[in-house]
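Spelled out from the first residue to the last, the chains are:
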Amino acid sequence: MNLLLEGNVVAGFFDNLLKRLQLADVIIAMCFAVIGVAIAVLAKRITRTIRKRNNIEDNDKILILFKAASLVLIFVAFLILVFEIFI
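As the structure is a prediction and not an experimental result, all values here were calculated from the model. (Residues numbered from 1 in each chain as written. Predicted model: local features only at pLDDT ≥ 70, side-chain atom pairs only at ≥ 80, totals over all residues. Heavy atoms only, no water.)

Draft legend 1. Spotlight on the overall build of the chain. The secondary structure content of the chain amounts to 4 helices and 0 strands. Tracing the chain from N to C terminus, the helices and strands come up as α-α-α-α. For the chain, the proportion of its 87 residues judged to be buried stands at 15%. In the chain, of all internal contacts separated by at least 6 residues, the share reaching a separation of at least 24 is 53%. (Helix = DSSP H or I, 4+ residues; strand = E, 2+ residues; numbered from the N terminus. Buried < 20%, exposed > 50% of the residue type's maximum accessible area, 1.4 Å probe, protein only. Contact = heavy atoms within 4.5 Å.)

Draft legend 2. Main features of unusual backbone geometry. Despite not being glycine, lysine 52 shows a phi value in the positive range, around 60°. Within the secondary structure, lysine 52 sits in the loop between helix H3 (24–51) and helix H4 (61–86).

Draft legend 3. Up close: the side chain of threonine 47. Structurally, threonine 47 can be placed in helix H3. Within the structure, threonine 47 has its side chain in polar contact with the backbone oxygen of alanine 43 (distance 2.7 Å). Contacts of threonine 47, omitting those with residues within four sequence positions, involve Ile56, Asp60, Ile62, Leu63 and Phe66. (Polar contact = N/O pair within 3.5 Å; in protein donor to acceptor, adjacent residues only side chain to side chain.)

Draft legend 4. Inspection of the environment of isoleucine 50 at higher detail. Within the fold, isoleucine 50 resides in helix H3. The spacing of isoleucine 50 and isoleucine 62 is 12 residues in sequence and 8.6 Å in space, taken between C-alpha atoms. Those residues in contact with isoleucine 50 that sit more than four places away from it in its chain are Ile62 and Phe66.

Draft legend 5. Region of the structure containing H3. With 28 residues, H3 should cover 40 Å at 1.5 Å per step; its first-to-last C-alpha distance of 38 Å lies within 8% of that length. The largest bend along H3 measures about 60° and falls at leucine 42. By the burial criterion, the buried members of H3 are Val26, Ala29, Gly36, Ala43 and Thr47. Directly after H3, the chain includes lysine 52, whose backbone phi takes a positive value near 60°. (Expected span 1.5 Å × (residues − 1). Bend = angle between axes of the 7 residues up to and from the residue.)

Draft legend 6. Representation of the confidence of the model for the chain in the model. Of all residues in the chain, 89% have pLDDT values of 70 or greater, and the mean over the chain is 87. No element of the chain has a lower mean pLDDT than helix H1 (residues 2–6), at 55, and none a higher one than H3, at 94. (pLDDT = per-residue confidence, 0-100.)

Draft legend 7. Fine view of H4. Its 26 residues place the ends of H4 37 Å apart at the C-alpha level, agreeing with the 38 Å of an ideal helix rising 1.5 Å per residue. For H4, the set of buried residues is Ile62, Leu63, Ser70, Leu73, Ala77 and Glu84.

Draft legend 8. Focus on the side chain of aspartate 60. Inspection of the secondary structure assignment puts aspartate 60 in the loop between H3 and H4. With residues up to four places along the chain from it excluded, the contact list for aspartate 60 reads Thr47 and Arg51.

Draft legend 9. Summary view of the pattern of salt bridges. For the structure on display, the rule yields 2 salt bridges. Here arginine 51 makes a salt bridge to aspartate 60, at a shortest N to O gap of 3.0 Å. Aspartate 60 gets classed as buried once you look at its relative accessible area, which sits at 10%. (Salt bridge = Lys/Arg side-chain N within 4 Å of Asp/Glu carboxyl O.)

Structure follows, in C-alpha cells:
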C-alpha cells in the first residue's frame, strides 16, 4: 500500500502509457479505429446519399458494404495494437 501512496507506481504507469501512445503504430491503429467507427456510425447516411432515397432497408448491399468496411478497419486497428504489444 505504501508503494501506491508514494506515487511512483502511478507516475510510472502514466509515463509508460504516454510513451506507448506516441509510437507510430499506435497512432496509425487509432486512426484506423476512428475512421472505422465513423464509417459505421455514418453508414446509413452515406447510403441515403448514394441511393438518393430516405428509406434504406437493413439488407441494402451498399449499407452492408460500408458496415463490413468499418468492421475490417476496426479489426486491422486491433491487430496492429496486438502485434505492437507482443512484438
